[in-house]
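A structural walkthrough
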Amino acid sequence: GKFAYAANSNSTNLSGYAINATSGALSAITGSPFNGGTAPWSVNAAASGKFVYLANYLSNNVWTYSVDATTGALTAVGTPIATAQSPTSITTTP
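As the structure is a computational prediction, the values presented were derived from the model and not from experiment.

1. Focus: the environment of Asn44
Mapped onto the fold, Asn44 is located in strand E5 (residues 40-45). Sequence separation of Asn44 and Tyr5 is 39 residues, and the distance between their C-alpha atoms is 8.1 Å. Setting aside chain neighbours within four positions, we find Asn44 in contact with Phe51, Val52, Tyr53, Ile90, Thr91 and Thr92. At a separation of 2.9 Å, a polar atom in the side chain of Asn44 contacts the side chain of Thr92.

Put into structure tokens, the structure is as follows:
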């Protein structure tokens, strides 16, 4: 992949990184960290690479982001979707 994302659990955001194709080194994406819910716990990218999903432990919701294919920057899509109490994981299917 071209990008990596990390949920920052003691915050209200997630960080994004570009992955160097040769060395694997990470560098912060412009605009990172990106706003999210309260206590982000788990992040997952769709197999297409077009969307990222963030489960938020304390705000009890999932945020959806579109991914800029060139820069990796995230843009929130719509409003957060409510979940049961304190989600700790999210996954997508291929």
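Further notes follow.
2. A short note on the pairing of strand E6 (residues 51-56)
Sheet analysis places E5 next to E6, joined by five bridges and oriented antiparallel. Bridge pairing links Val43 to Leu54 in E6. Examined bridge by bridge, E6 and strand E7 (residues 61-67) share six bridges and lie antiparallel to one another. The residue of E7 that forms the bridge with Leu54 is Trp63. In textbook terms, the turn of a hairpin is the stretch between consecutive antiparallel strands, and for E6 and E7 this stretch comprises four residues, one of which, Asn60, has a positive phi near 50 degrees.

3. Brief notes about the side chain of Asn13
Structurally, Asn13 is set in strand E2 (residues 13-19). The class for Asn13 is buried, based on a relative accessible area of 19%. Reaching out from Asn13, the side chain makes a polar contact with the side chain of Asn8 at a distance of 2.7 Å. Among all residues touching Asn13, those that are not within four sequence positions of it are Ala7, Asn8, Pro33, Phe34, Asn35, Gly36, Gly37 and Pro40.

4. Here's the deal with the pairing of strand E1 (residues 3-8)
Bridging between E1 and E2 involves six bridges; their strand directions are antiparallel. Across the sheet, residue Asn8 finds its bridge partner in E2, namely Asn13.

5. Some thoughts on the nonpolar core
Grouped together as the largest cluster of nonpolar side chains are 10 residues: Tyr5, Leu14, Ile29, Phe34, Val52, Leu54, Trp63, Tyr65, Val67 and Leu74. Those elements that place two or more of their residues in this core are E6 and E7. When residues of this core are assigned to their parent elements, the largest contribution, three residues, is made by E7. Excluding residues within four positions of it along the chain, Tyr65 makes contact with Leu14, Asn35, Gly36, Lys50, Phe51, Val52, Leu54, Leu74, Thr75, Ala76 and Val77.

6. Brief notes about the environment of Lys2
The topology assignment puts Lys2 in the segment before E1. C-alpha separation for the pair Lys2 and Tyr53, spaced 51 residues apart in sequence, amounts to 17 Å. Those residues within four positions of Lys2 in sequence are excluded, and the remaining contacts are Tyr17, Ala18, Ile19, Ala69 and Thr70.

7. Thoughts on the environment of Tyr5
Here Tyr5 is to be found in strand E1. For Tyr5, a relative accessible area of 16% corresponds to the buried category. As a C-alpha pair, Tyr5 and Gly72 span 67 residues in sequence and 9.4 Å in three-dimensional space. If we skip the residues at most four places from it in the chain, Tyr5 touches Leu14, Ser15, Gly16, Ile29, Val43, Val52, Val67, Gly72 and Leu74. There is a polar contact of 2.6 Å between the side chain of Tyr5 and the backbone oxygen of Gly72.

What counts as what
Residues numbered from 1 in each chain as written. Predicted model: local features only at pLDDT ≥ 70, side-chain atom pairs only at ≥ 80, totals over all residues. Heavy atoms only, no water. Helix = DSSP H or I, 4+ residues; strand = E, 2+ residues; numbered from the N terminus. Contact = heavy atoms within 4.5 Å. Polar contact = N/O pair within 3.5 Å; in protein donor to acceptor, adjacent residues only side chain to side chain. Pairing = 2+ DSSP bridges. Buried < 20%, exposed > 50% of the residue type's maximum accessible area, 1.4 Å probe, protein only. Core = buried A, V, L, I, M, F, W, Y, C linked by side-chain atoms within 4.5 Å.

Note that all results are geometric; they support no functional claim without further evidence.
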